[in-house]
Amino acid sequence: MPIDRRRFITLAAAPLAVSALPLRALAEERRFTHALTLFDDIKYPADFAHFDYVNAAAPKGGVVRVGVVGSFDSLNPYTYKGEAASGAPAETLMVRAMDEPSTQYGLLAESVWHPEDRSLVVFRLRPEARFHDGTPVTAEDVAWSMMTLKDVNPRLEAYYRNVVKAEATGEHEVTFSFSQSGNRELPSITGELSVLSKAWWTGKDAQGKARNIAEIALEPVLTSSPYRVVDFKPGATISVERVKDYWGEKLPVNVGQNNFDRMEFIFFRDANVAFEAFKADQYDYRAESSSKLWATGYDIPAVKDGRCLKKELEIHAVNGMQGYVMNLRRDKFKDVRVRRALNLAFDFEWANANLFYGQYTRARSFFNNSEMEAKGLPTPEELALLEPLKADLPPEVFTSEYQNPVNATAQDRRRNLKEAADLLAQAGWTIASQGGRNLLKNAKGEPFTLTFLLDSPLFERITLPYQKQLEMLGFTVTVRTVDSSQYERQKQNFDFDILVHSWGESLSPGNEQRDQWGSAAADTAGSDNMAGIRNAAIDKLIDQVIFAKDRAGLTTAVRALDRALIWSQFVVPQWYMPKIRLAYWNRFGMPEKLPQYDLPIPAAWWYDADKARTVTP
């Protein structure tokens, strides 16, 4: 790891700062650096001027309007309650570079150090960092933020579970101590911490009421970020303005970004209404998720004459799993044969040809389109991890490469439905005639009911044909579309049979895997373990991912985990597309060079007045 010699500090020079360190860390010299990395692959040196994927000379000014499908009843994004929209998120200690897979650079923190065993991490804060009210960002604020967010948000509690102590160990220094050593990701994920003002959150609002970070609230949160909320209408709009005296404007991680004077977030409860609003130039850009709209919906004059542009942008990101998720907390889904039968009934090939215009690839992994996707049979290195866990894993993990059912022909469809019916019979569900219909029933005579919980009519066109296939097998199926707030409540409390969910994955999976698949998260309200997975083998494979010592070890561990997840049939896999479909009104400038792993939109865009005049004379 490159060392910033200007930040070099010995133990003798800083007795106050190290007094709280455990003995195992005292033997090491504290060499602070400007960046954190998982595998010693820092791209930018300590004196870098800006990221390669920005325009350092980008002008400031103008407005960008952002469309959001959904609603909000809170401006507090730190509680899992309600439906929150922060508008201007709090700043973090470090910020990720979008052209590196696993490196962060200092934002609120100017430098960082951890011992070789990663048993703790020490951040040094920038003395100039300020909240919008002019008060400094202190080490006490950072320590309070960590322990408070763990306390009020179940997902953050799981993410930061191994952070057992957060304390100010110097005037501008904070130390996080961990419950275990060797967890390569712990220093980096603490760098992602949202830093809040302790004085503001423990104070009172304009009406004299004590603030409560655990509850929903319609009060703009005090932050230190480049933007502040200046106006909002609950459920409808949020407007933020660039802070003119923003403390961090000239930092290398910010140069060429945060260029708009104003950002307006416009909320739409219906996805179709949102699309019509975009075509009417009511907001400025959209990442198109609908293949049908991409293929047929943009046949409008503005696209034909170049006022509105369409682009497909390729980034080297992992395409995580999206699928119909079955709630294993409900007994009817606990038999893997039932879950496999539901997959056999899903006709992806028909949907891709008739609904998606052939644009998608079917998901077959929780880490699609990456080197971490499990292919072929397990390697000897994977088997070394999997064999000790054999008793808790499906036997196919060891004997077969996972493949989804294929419905290329009518004969394939009949064969797959026949196999699904046989599996259901083996699981104790048999066909019984009732009211002229053949229904699946168990030994008690109870019908097999399925309710699909959706939050968008766009998914109805995909789910309704699937419903017909399931009804051919005897399922009693209901498709229920609710508004976004009700959907969020039911999802957070795991009150569903089946819903559509997606898990985004990074190039360096780690501690977030516990929240997604770990047993401890299965009954934690607000966690990302939608399926309710409780499996000792999966828990141990997650630890293998977290404690991988190098990139090769990480890749092996993730592939082994992928095999355990996909063969357990927790989801009916849907699809992915390794590109981002972007449509935007041509009133903006943007850097020519895009980063490899993400898109800085609209952070690295800027308002182009000359282009804007051609769009709106």
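So, how was this worked out
- Residues numbered from 1 in each chain as written.
- Predicted model: local features only at pLDDT ≥ 70, side-chain atom pairs only at ≥ 80, totals over all residues.
- Heavy atoms only, no water.
- Helix = DSSP H or I, 4+ residues; strand = E, 2+ residues; numbered from the N terminus.
- Rg over C-alpha atoms; globule rule 2.2 N^0.38 Å.
- Contact = heavy atoms within 4.5 Å.
- 1 Å grid on protein atoms, 1.4 Å probe; cavity = no way out; pocket = protein on both sides within 12 Å on 5 of 7 lines; lining within 4 Å.
- Points joined across faces, edges and corners; volume = space filled by probe spheres on them.
- Nonpolar A, V, L, I, M, F, W, Y, C, P; charged D, E, K, R; others polar.
- Buried < 20%, exposed > 50% of the residue type's maximum accessible area, 1.4 Å probe, protein only.
- Polar contact = N/O pair within 3.5 Å; in protein donor to acceptor, adjacent residues only side chain to side chain.
- pLDDT = per-residue confidence, 0-100.

Topic: the overall build of the protein
Counting secondary structure elements, the protein contains 20 helices and 27 strands. In summary, the protein has a C-alpha radius of gyration of 26 Å against a globular reference of 25 Å for 617 residues, a match within 12%. Across its three principal directions, the C-alpha atoms of the protein cover 80 × 65 × 50 Å. The contacts of the protein with a sequence gap of at least 6 include a subset with a gap of at least 24, amounting to 72%.

Observations regarding the layout of surface pockets
Within this model, the second largest pocket holds a volume of roughly 260 Å³. Along the walls of the second largest pocket sit 17 residues, with Asp-205, Lys-209, Arg-211, Ala-217 and Glu-219 positioned nearest its centre. Residues belonging to the lining of the second largest pocket are distributed by class as follows: 9 nonpolar, 3 polar and 5 charged.

Quick notes on the side chain of Asn-368
Of note, Asn-368 is situated in strand S17 (residues 367-368). Its relative accessible area of 0% is what places Asn-368 among the buried residues. A polar contact of 3.5 Å, which involves the side chain of Asn-368, links it to the backbone oxygen of Gly-320.

Observations concerning the confidence of the model for the protein
When pLDDT is averaged along the protein, the result is 92, and 95% of the positions lie at 70 or above. Scored below 50 in pLDDT, residues 1-20 makes 41 contacts in the model with residues more than four places away or belonging to other chains.

Looking at the environment of Val-229
By the secondary structure assignment, Val-229 is in strand S9 (residues 227-233). Among the residues examined, Val-229 registers a relative accessible area of 15% and is labelled buried. Taking the C-alpha atoms as reference points, Val-229 and Trp-575, 346 residues apart in sequence, are found 37 Å from one another. Sequence-distant contacts of Val-229, that is, excluding residues within four places in its chain, are made with Ser-86, Gly-87, Ala-88, Pro-220, Ile-238, Ser-239 and Val-240.

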